[in-house]
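Breakdown of the fold
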Amino acid sequence: MRTTSTPIRYGVIGLGHIAQVAVLPGFGNAKNASLNALISGDAEKLRVLGERYDVPHCIDYESFDDFINAGHIDALYIALPNHLHCDYALRAARAGVHVLCEKPLAVTEEECRTMIAACEEAGVHLMTAYRLHFDPAHLHAVDIAQRGDLGELRYIRAAFGQNVVEGDIRLSPLDTGGGSVYDMGIYCINAARYLFGAEPIEVIATSQRRPGDPRFDYCDESTSVTLRFEGERLATFISSLGSASISQLELLGEDGLLRLSPAFSYAHPITMHVNTPEHFERTFPKHDQFGAQLSYFADCIAGGHPPEPDGYEGLADVRIIEAIYLAAELGEAVTLAPVEQRERPDVSQIIVRPAVEKPEEVHSSGPSAG
């Protein structure tokens, strides 16, 4: 019989770079969670990683449905390519298994709503894996912004980019969730929404592809975006899959500025610089952001309470991404229909776990050459 003190049994499906270097090591920092299953189409990954983490069940994709219906896991962490998120979330929900899904939640708003409905009907939790919703640097930034330390908030500026190697999954066609905004820009969008505590009402965007570079035959190399919020507030960002590494975020108010750098990292410390009459700088040490969210979701399951970055939070960003690419295609502003205001992250959600060492990868590598 399962009790509230029994660890939540996870399966992880998709054993690419992020799963291997971040998700799997994170279980060592999530004492209320256990790694009970690995699902992959690569037999060598299953063998090596199964032995490394002492995983009782190592399953190929063909055996997925029979396995998940057998009751061996309570939750599924989906780390598959974006276009597969919806399918496997639905299959998990039908089996009564909770779903923690990497961002973007899905490729389209319609897919997101299908996932949300399926999980609600099955009575299981759906959480979008926004690791920064538990990060102290970002949540202290939210607290500073909402306390009014910067004065009335006016403008957000962000940039997130890397130089991705040819053949990487991020370079897939836009209609399968490839491209810079699905991969990098989504962090900028999500941060703008929780720092302003609001939803954008209009999108202007421009995308470009470098002529003669086969990496960008099917998706954008970079996209520049302006999001307009009520109160004539603006958030601008650029996302890129063909630039030197950059990860910057600035929030400006009438009375001050807050900067995070590297803003969206999980592999480095994050430094906060605040320029107000009480100027200060603080560096938040590197910590295990993935173990934190594994632990948080396990608590939600055990306690029967819904997660904060739920399916609707994932949907909110995906609908904006669709509007961004539409605006870039049309060459004109696109209005966003109003949505219900969601619960937003705050300092009460800070979870800090010790940093993990990057393990040796099996048939996988990072997206950039650097």
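Residues numbered from 1 in each chain as written. Predicted model: local features only at pLDDT ≥ 70, side-chain atom pairs only at ≥ 80, totals over all residues. Heavy atoms only, no water.

Applied cut-off: UniProt positions are given in the numbering used here, feature names are shortened, and annotations may be inferred rather than shown by experiment.
Where an unreviewed UniProt entry is consulted, the chain appears under the name Gfo/Idh/MocA family oxidoreductase, with the organism given as Lujinxingia sediminis. You can read under Sequence similarities (unreviewed entry) in the UniProt record for the chain the words "Belongs to the Gfo/Idh/MocA family."

**Describing the packing of aromatic side chains**
The geometry of two aromatic rings is summed up by the distance between their centres and the angle between their planes. Where we set the bar: Aromatic pairing here means that ring centres of Phe, Tyr or Trp (its six-membered ring) are within 6.5 Å. Orientation follows from the plane angle: under 30 degrees is stacked, over 60 is edge-to-face, and everything else is tilted. Secondary structure elements are taken from DSSP: a helix is a run of H or I of four residues or more, a strand is a run of E of two residues or more, and numbering for both begins at the N terminus. Buried, partly exposed and exposed residues are distinguished by accessible area as a fraction of the type maximum, computed with a 1.4 Å probe on protein chains only: under 20%, between the cut-offs, and over 50%, respectively.
All chains considered together, the criterion is met by 10 aromatic pairs. Considering the side-chain rings of Y10 and F27, the 5.3 Å spacing of their centres and the 75 degrees angle between planes classify their relative orientation as edge-to-face. One end of the pair, Y10, is in strand 1 (residues 8–13); the other, F27, is in the loop between helix 1 (17–26) and strand 2 (33–39), with 17 residues separating them in the sequence. Taken as a pair, Y10 and F27 share a single burial class, namely buried. Centroid distance F64 to Y88: 5.1 Å. Interplanar angle 75 degrees. Geometry classified as edge-to-face. Here F64 is found in helix 3 (residues 64–68), whereas its partner Y88 is found in helix 4 (residues 85–94), with 24 residues between them in sequence. Across this residue pair, the class does not change: F64 and Y88 are buried. Site record: aromatic cluster; members linked through ring pairs are Y61, F64 and Y88.

**With respect to the UniProt feature "domain: Gfo/Idh/MocA-like oxidoreductase N-terminal" (unreviewed entry) in the chain**
Within the UniProt annotation, "domain: Gfo/Idh/MocA-like oxidoreductase N-terminal" (unreviewed entry) is assigned to residues 8–129. End-to-end, the C-alpha atoms of residues 8–129 are 17 Å apart, and along that stretch the chain is 40% helix and 24% strand.

**Observations regarding the state of the cysteines**
To be explicit about the condition: Cysteine sulfur atoms are paired as a disulfide whenever they fall within 2.5 Å.
Applying the stated criterion across every chain yields a total of zero disulfides. In this structure C188 is not part of a disulfide, and its nearest cysteine sulfur, from C219, lies 16 Å away.

**Topic: the sheet that holds strand 13 (residues 270–275)**
As a reminder of what qualifies: Any two strands are treated as partners once DSSP identifies two or more bridges connecting them. The contact criterion used is simple: two residues touch if any of their non-hydrogen atoms lie within 4.5 Å. Fitted lines through C-alpha atoms give the axes, limited to the stretch in contact for helices. The angle between two N-to-C directions lies from 0 to 180 degrees.
Taken in spatial order, the nine strands make up an open sheet running 14-13-12-11-7-10-9-8-15, and their pairing is mixed. The sheet is open, and its two borders are formed by strand 14 (280–284) and strand 15 (334–335), each paired with just one other strand. Taken together, the seven bridges between strand 8 (residues 202–208) and strand 9 (residues 222–229) define a ladder with antiparallel strand orientation. Directly across from E202, in strand 9, lies its bridge partner R228. Contacts from helix 7 (residues 180–196) reach strand 7 (153–163), strand 9, strand 10 (233–240) and strand 11 (242–253), with the element oriented near 160 degrees to strand 7.

**Quick word on the sheet that holds strand 1**
Strand order in the open sheet made by the six strands is 3-2-1-4-5-6, with parallel pairing throughout. At either margin of the open sheet sits one strand with a lone partner, and together these are strand 3 (57–59) and strand 6 (126–129). Here the strands of the sheet are splayed against their neighbours by 25 degrees on average, with no regard to which way each runs. Both strand 2 and strand 3 contribute to a ladder of three bridges, which runs parallel. Across the sheet, the residue bridging to I39 is I59, located in strand 3. Taken strand by strand, helix 4 contacts strand 1, strand 4 (75–78) and strand 5 (98–102), and its axis lies near 175 degrees from that of strand 4.

**Let's talk about helix 6 (residues 136–147)**
Residues lying three or four places apart along an α-helix face the same way, a consequence of the helix completing one turn every 3.6 residues. How we decide: By definition here, a helix of n residues has an expected span of 1.5 Å times n minus one. Any N or O atom pair separated by 3.5 Å or less is treated as a polar contact, with the protein-specific requirement of one donor-capable and one acceptor-capable atom, and with residues adjacent in sequence counted only for side-chain atom pairs.
In a regular helix each residue adds 1.5 Å, so 12 residues correspond to 16 Å; helix 6 covers 16 Å between its end C-alpha atoms and thus fits that length. In the core, the buried residues of helix 6 are packed alongside strand 7, helix 7, strand 11, strand 12 (257–261), strand 13 and strand 14. Two to three positions downstream of the cap, the backbone nitrogen of A137 sits 3.1 Å from a side-chain oxygen, assigning the N-cap of helix 6 to D135. The positive-phi residue at the C-terminal boundary of helix 6 is G148, with phi of around 90 degrees.

**Some remarks on the UniProt feature "domain: GFO/IDH/MocA-like oxidoreductase" (unreviewed entry) in the chain**
In this structure's numbering, the residues bearing the UniProt feature "domain: GFO/IDH/MocA-like oxidoreductase" (unreviewed entry) are residues 140–258. For residues 140–258, the end-to-end C-alpha separation is 11 Å, with 21% helix and 40% strand making up the annotated structure.

**Structural notes on the nonpolar core**
Generally speaking, nonpolar side chains in soluble globular proteins are found buried as a group. The criterion, for reference: Throughout, nonpolar core names a set of buried Ala, Val, Leu, Ile, Met, Phe, Trp, Tyr and Cys residues whose side chains join them through atoms within 4.5 Å.
Counting 56 residues, the largest nonpolar core has L227, L249, L251, L258, L260, F264 and I324 as the members making the most contacts within it. The leading source of residues in this core is helix 7, at 12 residues. With residues near it in sequence (within four places) discarded, I324 still touches V181, I189, V203, A205, T223, V225 and F237. Within the second largest apolar cluster, 35 residues are counted, among which are I8, V21, Y77 and L294.

**Considerations on the pattern of salt bridges**
To keep things clear, this is the line we draw: For this document, the term salt bridge refers to a Lys or Arg side-chain nitrogen within 4 Å of an Asp or Glu carboxyl oxygen.
Applying the stated rule across the entire model yields 23 salt bridges. Across the salt bridge formed by E250 and R259, the nearest N and O atoms sit 2.8 Å from each other. Among the ionic contacts, a cluster of salt bridges with common partners joins R193, E199, E313, D317 and R344.

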